[in-house]
Amino acid sequence: MIKTNPETLTELKAVRNVMSIANNYTVSQEFIDAAYDFLMENKDNHSIRCLITKINFLEGSTVVKSFATNRTNASIDGMVITPALLTIIPHYTPSYSGGGGYSGGSSSNNNNNNNNNNNNNH
């Protein structure tokens, strides 16, 4: 659990969001405290991006700290966290439909035939 008691709605959301990291990744209590403190330092510009094997603390789009970890929930590929928002990136499993496709360019051929027919009718 977070070492401080939340007093505002934003702090309560930040606690929930940071705890979601603990529910989906292998992290220590020290990491949880550091993540909460980081988000609360600059609520408008700090975020945390969790990937499959690492977690980045970001200031704007700049990574200021990076931690190696492992996700414990295989149904997600990542998370993006701010004090107020939590975005889960679900695990993507590509479906193989076989074959692919070949269009043959028939639309282009039809256009050329129509143009030739129009030219011959004048």
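*Asks:* Any chance you could explain the overall build of the protein chain here in plain terms?
*Replies:* Tallying secondary structure elements over the protein chain gives three helices and five strands in all. Walking the protein chain from its N terminus toward its C terminus, one meets helices and strands in the order α-α-β-β-β-β-β-α. Carbon and sulfur atoms form 48% of the exposed surface of the protein chain, whose accessible area is close to 8,100 Å².

*Asks:* Sorry, what's going on with the pairing of strand β3 (residues 62-68) here?
*Replies:* Across a regular strand the side chains alternate sides, sitting on one face of the sheet and then on the other. Bridging between strand β2 (residues 54-59) and β3 involves six bridges; their strand directions are antiparallel. Bridge pairing links K54 to A68 in β3. Between β2 and the antiparallel strand that follows it, β3, lie two residues; G60 among them carries a positive phi value of about 65°.

*Asks:* I would appreciate a short explanation of the packing of aromatic side chains in the present structure.
*Replies:* The geometry of two aromatic rings is summed up by the distance between their centres and the angle between their planes. Summed over all chains, the structure comprises four aromatic pairs. Where F31 meets F57, the ring centres are 5.7 Å apart and the plane angle is 50°; that geometry is what we call tilted. Of this pair, F31 sits in helix α2 (residues 29-41) while F57 sits in strand β2, placing them 26 residues apart in sequence. F57 shares its class with F31; the two are buried. Relative to F57, the ring of F38 has its centre 4.7 Å away and its plane inclined at 25°; by these criteria the two rings are stacked. Here F57 lies in strand β2 and F38 lies in helix α2, a separation of 19 residues in the sequence. What links up through ring pairs into an aromatic cluster is the set F31, F38, F57 and F67.

Conventions we followed
Residues numbered from 1 in each chain as written. Predicted model: local features only at pLDDT ≥ 70, side-chain atom pairs only at ≥ 80, totals over all residues. Heavy atoms only, no water. Helix = DSSP H or I, 4+ residues; strand = E, 2+ residues; numbered from the N terminus. Areas by Shrake-Rupley, 256 points an atom, 1.4 Å probe, with all protein chains shown as cover. Pairing = 2+ DSSP bridges. Phe/Tyr/Trp six-rings, centres within 6.5 Å; stacked < 30°, edge-to-face > 60°. Buried < 20%, exposed > 50% of the residue type's maximum accessible area, 1.4 Å probe, protein only.

By themselves, these are just geometric observations and shouldn't be taken as functional.
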